[in-house]
Amino acid sequence: MIILSKSAINPSNIQPSEITAREVFDNRRGFIKAAGYGLVAGSALLLSAKARAASVAGGTTEGDGRLLGRANASAKVDKLAANAGTRIKISNYKKTAYGAGEKPTKYEDVTTYNNYYEFGTDKSDPAKYSSQFKARPWAISIEGEVKKAKTISIDELMKLAPLEERIYRHRCVEAWSMVVPWVGLPLASLVKWAEPTGNAKFIEFISANDPQTMPGVRSPILDWPYTEGLRIDEANNPLTLLAVGLYGELLQNQNGAPVRLVMPWKYGFKGGKSIVKIRFVEKMPLTTWVKSGPNEYGFYANVNPNVDHPRWTQSSERPIGTGLFGGRVKTRMFNGYTEQVGQMYAGMDLFNNF
Amino acid sequence: MNKQQILYVKVAVWVLALLPLVRLIWLGFNDNLGANPIEFVEHSTGTWALVFLLITLSMTPIRQLTGLVWQIQLRRLLGLFMFFYACLHITTYVWLDFALMWDELLIDVTKHPRILVGFAAFLLTIPLAATSNSYMIKRLKTNWKKLHQLVYLIAILAVVHFLMLVKKDLTEPIYYAIALVLLFGIRLYYKFQTNSKAMLKAKAM
């Protein structure tokens, strides 16, 4: 059932060039494989998955596999979900020098270990419970202090600038990290297109908030819709990316389809997902996590090993995908992107503006 | 229950109590611990330590509610399994999670209240485990009971540790908190009952 709904993307929105016969074929095989998993795992797996779906629908989520055989089951459900997502190759994007020498984290980990509370608070929830979400057709409303206050479709957005692949380090505030090969375009190209007025000092990014397809927003864990923000110079920094894909394919729902922000020098939560509104404003927007815990999360949220978090050590991090004995590595200032972003914060008190 | 039956029950407890560890090893060998296996093992062993703590703490309330007494003989074994999983939990934390980076560990324990609380809980379990043998029970006499009342404090610290870990969705740790409050509630209720009965008796005399 998950699989059927996933493939229900409106075909008129996909350019023929974006689909290759191989992908369709692979997806079919994925379906057969998924069905095989379902049979092998039997009714017990289905029951547990159903029970979990029900618990999410009821507005609560539970710890994943901490106690019982659910890890095994959920790992299989993860595989189902990963296979169920239609994987559509992006045909025309250019490779860049960003991230040369970095080894990207496995596709399976990048698409099953996600913080996307709109689909549940467990890392595996987004992959499992985002199949009803429709990322296409999609419109983004550009508002506020701009000359072009209008709505732009995802297809129009993807044509504002040539798409490029950028391999970025991704550092979560929870002290884990990944390396992700994003595909996207610089946010600066959208800012330029929108023609901001002199009053536009900040940009507010508002994410989708649909209780029908996003089970997490049915419970008031956070103040929905998810809202993030950037200073205008941060938005125009060449590193700031509007990501529309990863691993050369359109974004999966659990990764923030159809479009999300990526600022590799900031903690991951700054990168709003499934963006529906981009609002140019004069005052610093009050963002979701700042609202929820002002002493824990700041507006800037720059990766900084010298500013501790009340819950997690920020001086080191665990790279995902290095296994049980992978240990930790030291976290770098601005996640190692000081050269590209340091000048924006020159003279700023980074301890108080965390 | 006779001695033979208790023995069977104890063997069953051993087998059941080792299953969570067997499961982790099984999942580990099958590459089924997820994208963040360290976190998975850390959370699993920690949760099982808490579960064994709560099971240990429910032996007396079961007696109070049902009048059954044989299960009291399982208390030490269950408590030691709590200690066993707590040891695995802390080993995972120190060795796998922090890879023996002592400077980082020191910062983590001292700066983060949730770690400090959990660490305190673990330290307090050590004297209890060390004095759980029959020799120490005899030797410490009435002090033994006083010392082992630390388990109530350990339970509170453990639940608080779990509550503080969660970023936003408190649902799961709250279940454990409710279980603990219930177990404490039953004990307090019966304690109050016996106290008032004793007072009535004293008055009657």
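Description of the structure in this document. Predicted model, so just to flag it, every value in this text is computed and none were measured. (Residues numbered from 1 in each chain as written. Chains lettered and ligands numbered in written order. Predicted model: local features only at pLDDT ≥ 70, side-chain atom pairs only at ≥ 80, totals over all residues. Heavy atoms only, no water.)

A word on the interface of chain B and chain A. Chain B puts 41 residues into the contact, and the matching count from chain A is 44 residues. Taking both partners together, chain B and chain A bury about 3600 Å²; carbon and sulfur atoms supply 51% of that area. Considering only the surface of chain B that becomes buried against chain A, A35, K167 and K168 of chain B emerge as the three largest contributors, covering 21% of it. Applying the counting rule to chain B against chain A returns 4 salt bridges. Counting the contacts that link chain B with chain A gives 17 residue pairs in polar contact (both at pLDDT 80 or more). In terms of residue count, helix α2 (residues 37–57) of chain B provides more of the side of chain B that touches chain A than any other element does, 10 residues in total. Grouping the constituent residues of the side of chain B that touches chain A by class yields 22 nonpolar, 7 polar and 12 charged. (Contact = heavy atoms within 4.5 Å. Buried area = accessible area lost by both parts, 1.4 Å probe. Salt bridge = Lys/Arg side-chain N within 4 Å of Asp/Glu carboxyl O. Polar contact = N/O pair within 3.5 Å; in protein donor to acceptor, adjacent residues only side chain to side chain. Helix = DSSP H or I, 4+ residues; strand = E, 2+ residues; numbered from the N terminus. Nonpolar A, V, L, I, M, F, W, Y, C, P; charged D, E, K, R; others polar.)

Next up on the list: the nonpolar core. One finds I142 and F280 of chain A to be the most contacted residues of the largest nonpolar core, which totals 83 residues. Broken down by element, this core gets its largest block of residues, 6 residues, from strand β5 (residues 176–186) of chain A. Once residues within four sequence positions are removed from consideration, I142 of chain A is found in contact with K148, A149, K150, I152, L190, W193, A194, I278 and F280 of chain A. Core analysis: the next-biggest nonpolar cluster, separate from the first, contains 42 residues, L54, L105, V109 and A158 of chain B among them. (Core = buried A, V, L, I, M, F, W, Y, C linked by side-chain atoms within 4.5 Å. Buried < 20%, exposed > 50% of the residue type's maximum accessible area, 1.4 Å probe, protein only.)

On to the packing of helix α6 (residues 113–130) of chain B against helix α9 (residues 150–165) of chain B, then. Residue and element names in this part refer to chain B. Taken N-terminus to C-terminus, the directions of α6 and α9 make an angle of 155 degrees; their axes are 8 Å apart at the nearest point. Taken together, α6 and α9 sit at an angle that is classed as roughly antiparallel. In the packing of α6 onto α9, the handedness of the crossing is left-handed. On α9, the residues that touch P113, R114, V117, G118, A120, A121, L124, T125 and L128 of α6 are L150, V151, L153, I154, L157, A158, V160, H161, M164 and L165. Tallied by class, the residues present in the contact of α6 with α9 amount to 15 nonpolar, 3 polar and 1 charged. (Axes fitted to C-alpha atoms, helices over the stretch in contact; angles between N-to-C directions. Parallel < 35°, antiparallel > 145°, perpendicular 65-115°, else oblique. Left-handed = near helix turned anticlockwise from the far one by under 90°.)

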